Amino acid sequence: MTARGVDAPGRAAVGARTLRTDRWWLAPAATAAGLLVFVVYGGVRAFQQQYFFADERYLTPFYSPCVSLGCASEPGSSHFGMFLPDHPLIPYAALSLPFLLGFRLTCYYYRKAYYRSFWLAPAACAVPEPHARQTGETRFPLVLQNVHRYFFYVAVLVSLVNTYDALVAFRHPDDGFVVGVGNLVLLANVALLWCYTVSCHSCRHVMGGRLTHFSKHPVRYWFWTRISALNTRHMFFAWITLASLILTDLYVMLVARGTITDLRLIG
Amino acid sequence: MSYKGRFRVWRGDASGGALADFEVEVNEGEVVLDVLHRIQATQAPDLAVRWNCKAGKCGSCSAEIDGRPRLLCMTRMSVFDPGDVVTVTPMRTFPVLRDLVTDVSFNYAKAREVPSFTPPAGLAPGEYRMAQVDVERSQEFRKCIECFLCQDTCHVVRDHDENKGAFAGPRFLMRVAELEMHPLDVADRVPAAQDEHGLGRCNITKCCTEVCPEGIKITDNALIPMKERVADRRYDPLVWLGRTITRRRD
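About the criteria used
Residues numbered from 1 in each chain as written. Chains lettered and ligands numbered in written order. Predicted model: local features only at pLDDT ≥ 70, side-chain atom pairs only at ≥ 80, totals over all residues. Heavy atoms only, no water. Helix = DSSP H or I, 4+ residues; strand = E, 2+ residues; numbered from the N terminus. Buried < 20%, exposed > 50% of the residue type's maximum accessible area, 1.4 Å probe, protein only. Contact = heavy atoms within 4.5 Å. Areas by Shrake-Rupley, 256 points an atom, 1.4 Å probe, with all protein chains shown as cover. Domains from an automatic or database assignment. Salt bridge = Lys/Arg side-chain N within 4 Å of Asp/Glu carboxyl O. Polar contact = N/O pair within 3.5 Å; in protein donor to acceptor, adjacent residues only side chain to side chain. 1 Å grid on protein atoms, 1.4 Å probe; cavity = no way out; pocket = protein on both sides within 12 Å on 5 of 7 lines; lining within 4 Å. Points joined across faces, edges and corners; volume = space filled by probe spheres on them. Nonpolar A, V, L, I, M, F, W, Y, C, P; charged D, E, K, R; others polar. Pairing = 2+ DSSP bridges. Disulfide = S-S within 2.5 Å. Expected span 1.5 Å × (residues − 1). Bend = angle between axes of the 7 residues up to and from the residue.

Focus: the overall build of chain B
No. 1: Along its length, chain B carries ten helices and seven strands.
No. 2: Expressed as lengths along the three principal axes of its C-alpha atoms, the size of chain B is roughly 70 × 40 × 30 Å.
No. 3: Considering chain B as a whole, with its 250 residues, one finds that 56% of them fall into the buried category.
No. 4: Taking contacts inside chain B between residues at least 6 apart in sequence as the whole, the part at least 24 apart equals 62%.
No. 5: A total accessible area of about 10,500 Å² is found for chain B, and carbon and sulfur atoms account for 52% of it.

In structure tokens form, the structure reads like this:
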């Protein structure tokens, strides 16, 4: 086999594939573990079709919008109609989940994360990758990463739906306006989801990055500067929203199961 | 405080080489380049190492220290424990000339492939007028000292010699972005970024940003915005429709 990469003819014959002495494997390993936890948890919950609506007002984001005929099992959980067939393989939120998955799969941060942690291309900087060829994002299927902005547009709509869910949760069908710990959990989750969505690189581009003359578009430039500031924390929001989604869903599930009781602060 | 530091320095040329062991005095406040100079002065006068300013501004002393692309003059010895064995090799993406010196002409060839600044017709030097907000994005990229550490660490060429023809590397894709975002540059650089400079091969793993000694956000501020501009043209019919109706570039 012909030597390639750092062993290619003409390059310094160092011998070792990498001389890094730090724990370079730790970050990709932790990333892979974190993503797997979310995928397994999210997969199980999306198809569980139980414990998604609590106290007649808390709807978990994994089931929002609840548009399956199965949502009838929890009156009040469907805010936008029920029209998808009730089938074990069709999540109740099948209208939003594929787009949210696509939004995260094509996200510039997550691309880096899984290219490094699962595809090992490269696992860490200056650590050789194991692949014989590298075509990047020029061919199918990875050329589809370029549709990220469409997933972003849909993610904005879903964030609006999540915001609506969080707001209507302040109204209990019997008790009227109430505030419980669950409300604060839903609100915090929605705020973080907006931070992640708005700090997206495509959002930054669409709102102003594509301009050549900022001085001719002061409003878009203002938005671009604010989004740019958020964008520097996009990785942080990417991870914190995975955690907040799990914790929010877990809270709703535990209240729905009766494992814990939602503490009422007002009402 | 001084101590005897242990070093392994790659010595050789294109025909072969090996790591040579050195034990050398290390003094407080020194950088790796200081120690290499002491090795030159006391033990290996023929050790080849390229350097110039010793201030992190000329980009000459790029190498790999413990397997990480870094500037020799900006890597303080204080980041190592006195008991560490510090390994120094040349950049491993480029052909080696001798010891720590590599042939970086690949980068100059790539630089020549990027068409130069193209001002509007009829505008003479001295007549350029730009608003600060319009040029500051390009100014970040002008901080580049051309150390080529980003080129060295980019796995697209580091691990794949066969990509060197089709891929300009992060430094020169950043140059394309700098000109594309320049308020007075009228050349259309987006198609060439994808077709001639290989932007699509970049899979944004951010190693270029990690190793940049100038702290330039190459991936977030140059490569991803260029990918988005390519997406505007190639993958977004809404943008195409909007452009066709308004006939505006921005």
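Let's talk about the domain arrangement of chain B
Residue and element names in this part refer to chain B.
No. 1: The domains assigned to chain B are domain 1 (2-102) and domain 2 (105-246).
No. 2: Its C-alpha centre places domain 1 at a distance of 31 Å from the equivalent point of domain 2.
No. 3: With 14 residues of domain 1 at the contact, the number on the domain 2 side is 16 residues.
No. 4: Our enumeration of links across domain 1 and domain 2 arrives at two salt bridges.
No. 5: Among the ionic pairs, Arg158 bridges to Glu64, the shortest N-O distance being 2.8 Å.
No. 6: The interface formed by domain 1 and domain 2 includes six residue pairs in polar contact (both at pLDDT 80 or more).
No. 7: At the level of elements, β3 (62-65) and β4 (68-71) are the ones that each hand at least two residues to the side of domain 1 that touches domain 2.

Quick look at the layout of surface pockets
No. 1: Looking at the largest pocket, its volume works out to about 800 Å³.
No. 2: In this structure, the largest pocket is lined by 31 residues; those nearest its centre are Phe38, Leu97, Leu100, Leu101 and Arg104 of chain A.
No. 3: Taken together, the elements giving at least two residues each to the lining of the largest pocket come down to α1 (26-48), α2 (97-105), α3 (108-117), α4 (148-168), α5 (181-198) and α8 (234-257) of chain A.
No. 4: Among the elements that take part in the lining of the largest pocket, α1 of chain A stands out by supplying eight residues, more than any other.
No. 5: Looking at the second largest pocket, its volume works out to about 590 Å³.
No. 6: Contributing to the lining of the second largest pocket are 30 residues, with Asn231 and Thr232 of chain A together with Lys217, Asp220 and Asn221 of chain B lying nearest its centre.
No. 7: Elements with a minimum of two residues in the lining of the second largest pocket: α3, α6 (201-209), α7 (218-231) and α8 of chain A together with α3 (132-141), α8 (207-211) and α9 (218-234) of chain B.

Focus: the side chain of Gln49 of chain A
All names here are of chain A.
No. 1: Mapped onto the secondary structure, Gln49 falls in the loop between α1 and β1 (53-54).
No. 2: On the basis of relative accessible area, Gln49 is assigned to the buried category, the value being 15%.
No. 3: Setting aside chain neighbours within four positions, we find Gln49 in contact with Tyr63, Asp86, His87, Pro88, Ile90, Pro91 and Tyr92.

Some words on the interface of chain B and chain A
No. 1: Facing 63 residues of chain B, the contacting portion of chain A comprises 58 residues.
No. 2: Linking chain B with chain A are seven salt bridges.
No. 3: Its salt-bridge partner being Arg116 of chain A, residue Glu210 of chain B comes within 3.0 Å of it at the nearest N-O pair.
No. 4: For the pair chain B and chain A, the interface holds 38 residue pairs in polar contact (both at pLDDT 80 or more).
No. 5: When residues of the side of chain B that touches chain A are traced back to their parent elements, those giving at least two are β1 (2-13), β4, β5 (85-89), α3, α5 (155-158), α8, α9 and α10 (237-246) of chain B.
No. 6: Ranked by residues supplied to the side of chain B that touches chain A, first place goes to α9 of chain B with nine residues.
No. 7: Split by residue class, the side of chain B that touches chain A holds 23 nonpolar, 14 polar and 26 charged.

Some remarks on the pairing of β1 of chain B
Residues and elements named next belong to chain B.
No. 1: As paired strands, β1 and strand β2 (residues 16-27) are joined by twelve bridges and run antiparallel to one another. Within β2, the residue paired with Tyr3 across the bridge is Val26.
No. 2: Connecting the antiparallel pair β1 and β2 is a turn made up of two residues.
No. 3: As defined by bridge partners, β1 adjoins β5 across four bridges and the pair is classed as parallel. When the sheet's bridge partners are listed, Arg8 is paired in β5 with Thr87.

Here we look at the state of the cysteines
No. 1: Applying the stated rule across the entire model yields two disulfides over all chains.
No. 2: With a sulfur-sulfur separation of 2.1 Å, Cys66 of chain A is cross-linked through a disulfide to Cys71 of chain A. Sign of the S-S torsion, about -95° for the bond between Cys66 of chain A and Cys71 of chain A, identifies this disulfide as left-handed.
No. 3: At a sulfur-sulfur separation of 2.2 Å, the disulfide partner of Cys125 of chain A is Cys207 of chain B. What sets the handedness of the Cys125 of chain A and Cys207 of chain B disulfide is the S-S torsion sign, and at about -95° it is left-handed. Linking Cys125 of chain A in the loop between α3 and α4 with Cys207 of chain B in helix α8, this pair reaches from one chain into another.
No. 4: Relative accessible area serves as the criterion here: at 4%, Cys125 of chain A is assigned to the buried category.

Focus on α9 of chain B
Structural remark: α-helix, 3.6 residues per turn; residues separated by three or four positions point the same way.
Residues and elements named next belong to chain B.
No. 1: Spanning 17 residues, α9 covers 22 Å between terminal C-alpha atoms, matching the ideal 24 Å at 1.5 Å per step.
No. 2: By the largest-angle criterion, Ile224 marks the main kink of α9, which is about 25°, and a proline, Pro225, follows within four residues.
No. 3: Among the 17 residues in α9, 15 count as buried, and that is most of the element.

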